[in-house]
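A look at the structure
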Amino acid sequence: MEDNCKAAAPGTVGHDKIYRIRNFLTIISRNIEREYRLSRDISIDETMVPHKGRLSFKQYIKNKPTRWGIKLWVLCEAATGYVYRFQVNLGKQEGNPETNLARVVRDLTVTEHNKNHQLYMDNFYNDPYLFKELLGKNIFACGTVRPNRKGFPDETVITKQRQRNMTRGEYLWRSDGQLVATGWLDKRPVYLLSTIHPPSTDVPTTILRREGRGERQPLPCPPAQVDYQKFMGGVDLTDQMLKSFSVVRKSRKAWKKLFAYGLEVCLLNSFIIMRKAKPACNQEFLRFRVNIARQLIAGQSFRARIGRRISQPLSEVDALRLNGQFHPLEFTDSRLDCVVCAKVVQAQGLHRNGRSKSGVKCSVCNVALCVNKQRSCWNMWHTRVEYWLNA
């Protein structure tokens, strides 16, 4: 982290709104680009880091699950969700809002020229001139487009008059060299640009659409629409995996939210690299994160124990319960909380009602343990080091 006291003042040359975290994000970006080679299909979209504190570049997007927060532009691998490059949207620069978002695409793909990638984007960035520019750099592109973009052909715009003479699934197209512009009639008109796909194929392309409340039926569509739906979700896949076990915590400091996002990106990208290096491994993302955390803390824990403090150090307790000797059981007059069930509830964040009570305890370890047909916490306590796992 950088010291904000050394940052340039607002309104002066060199002022950076994320000066404190800039160096950290730069190191992450450099490492994730160096350690991975993107496959053919990639996508660009925006993501949100939740934040409701006071911030000059805080954004509101009503259609996102996280509506208030810090917006980032992200370049991802479409199939895996690997975050290859990202850029924080800092809002107005010198008091002027940004209008030409083709700049975002140029910045995120600056190292991918002449690699024959196929890039998928939504209508937030696209226009015919950008697609021709990318084609000159051997980056093939596909995406939706707004019909009022400069250079989009009027012949493919589905007006209300044209819509009366068309049925759902029909489309209009025009081409300029390898660039194909399409106007397709779904429930409402959809407009696409592509330098990847031809306007039509020998085998008609279809996608599944529901008609009313009936079953989903094949609907004719342009070839570009099929691949757009297949490969556009790279950033959404990333968000889905990160938001399941987010490390972002409530804070009024925006730099802490960006720091947490950087950590999440590192964890996710490491997991994707591990799965590619070991295709036979079926380890889940949550278990991967737990293993990383255990290796980082090296078996140490600075969290205060919950409940009554034990009279012996934890290592001595483990040595006693795992000594392999005979431990006689004894019956108690009152039912006590099973030590294994209580630890499982605490470790997995379950409701306290998930704890079980037992009238049996180990006379050597002096703890209550379940011994019944459904589960045997007695065996787990006396044979496993991490007795609360897979319990």
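Please refer to the structure higher up on the page.
Before going further, it helps to examine the packing of aromatic side chains. What describes a pair of aromatic rings is the distance from one ring centre to the other and the angle between the planes of the rings. Under the criterion given, the structure shown has 14 aromatic pairs. Aromatic pair Tyr120 and Phe231: ring centres 5.4 Å apart, planes at 35 degrees, arrangement tilted. Placement of Tyr120 in strand 5 (residues 118–121) and of Phe231 in helix 5 (residues 223–231) is noted, with a sequence separation of 111 residues between them. Classification of Tyr120 as buried rests on a relative accessible area of 0%. Note on Phe231: relative accessible area 12%, which makes it buried. With a centroid separation of 5.6 Å and 85 degrees between ring planes, the pair formed by Phe124 and Tyr125 is classed as edge-to-face. A residue is classified by how much of its surface remains accessible, and Phe124, at 27% relative accessible area, is partly exposed. Among the aromatic residues, those joined into a ring-pair cluster are Phe245, Phe271, Phe285 and Phe288. Between Arg20 and the ring centre of Trp255, over which it is positioned, the NZ or CZ distance is 4.5 Å. The cationic tip of Arg321 hangs over the ring face of Trp381; the distance from NZ or CZ to the ring centre is 4.8 Å.

A separate point is helix 10 (residues 339–348). Among the residues making up helix 10, those that are buried are Val340, Cys341, Val344 and Val345. Summarising the axial view, the buried residues of helix 10 lie within an arc of 135 degrees, below the 170-degree limit, and thus occupy one face. Following helix 10 by one or two positions, Gly349 has its phi on the positive side, about 65 degrees.

Tracing the backbone shows Ala293 in helix 8 (residues 285–297). Taking relative accessible area as the criterion, Ala293 reaches 38% and is therefore assigned partly exposed. Placed 66 residues apart in sequence, Ala293 and Gly359 show a C-alpha to C-alpha distance of 36 Å.

For the rest of this paragraph, the subject is the pattern of salt bridges. All told, the structure shown has 15 salt bridges when counted by the stated rule. We note a salt bridge from Glu133 to Arg106, for which the minimum N-O separation is 2.7 Å. Here Arg106 lies in helix 2 (residues 102–108) and Glu133 lies in helix 3 (residues 128–136), a separation of 27 residues in the sequence. In this structure, Arg321 engages Asp318 in a salt bridge whose closest nitrogen and oxygen atoms are separated by 3.0 Å. Taken as a pair, Arg321 and Asp318 lie in helix 9 (residues 314–321) at a separation of 3 residues, close to a single helical turn. Here the salt bridges do not stand alone but share partners, grouping Arg106, Glu133 and Lys137 into one network.

Moving on: the nonpolar core. Residues Phe86, Val88, Leu119 and Met121 are the most contacted members of the largest nonpolar core, which totals 60 residues. The leading source of residues in this core is helix 7 (residues 254–277), at 9 residues. Each residue touching Met121, except ones within four places of it in the same chain, is listed here: Ile44, Val105, Asn126, Leu130, Phe131, Leu134, Ala141, Cys142, Gly143, Thr144, Tyr228 and Met232. Within the second largest apolar cluster, 18 residues are counted, among which are Cys341, Cys370, Trp381 and Trp388.

This paragraph deals with the side chain of Glu77. Along the chain, Glu77 falls in strand 3 (residues 68–77). Side-chain polar atoms of Glu77 contact the side chain of Tyr36, separated by 2.6 Å. Sequence-distant contacts of Glu77, that is, excluding residues within four places in its chain, are made with Tyr36, Arg37, Leu38, Ser39, Asp41, Ile42, Tyr82, Gly234 and Lys276.

About the criteria used
- Residues numbered from 1 in each chain as written.
- Predicted model: local features only at pLDDT ≥ 70, side-chain atom pairs only at ≥ 80, totals over all residues.
- Heavy atoms only, no water.
- Phe/Tyr/Trp six-rings, centres within 6.5 Å; stacked < 30°, edge-to-face > 60°.
- Helix = DSSP H or I, 4+ residues; strand = E, 2+ residues; numbered from the N terminus.
- Buried < 20%, exposed > 50% of the residue type's maximum accessible area, 1.4 Å probe, protein only.
- Lys NZ or Arg CZ within 6 Å of the ring centre and 35° of its normal.
- Arc of directions from axis to C-beta.
- Salt bridge = Lys/Arg side-chain N within 4 Å of Asp/Glu carboxyl O.
- Core = buried A, V, L, I, M, F, W, Y, C linked by side-chain atoms within 4.5 Å.
- Contact = heavy atoms within 4.5 Å.
- Polar contact = N/O pair within 3.5 Å; in protein donor to acceptor, adjacent residues only side chain to side chain.

Remember that the coordinates give geometry; whether it matters functionally is a separate question.
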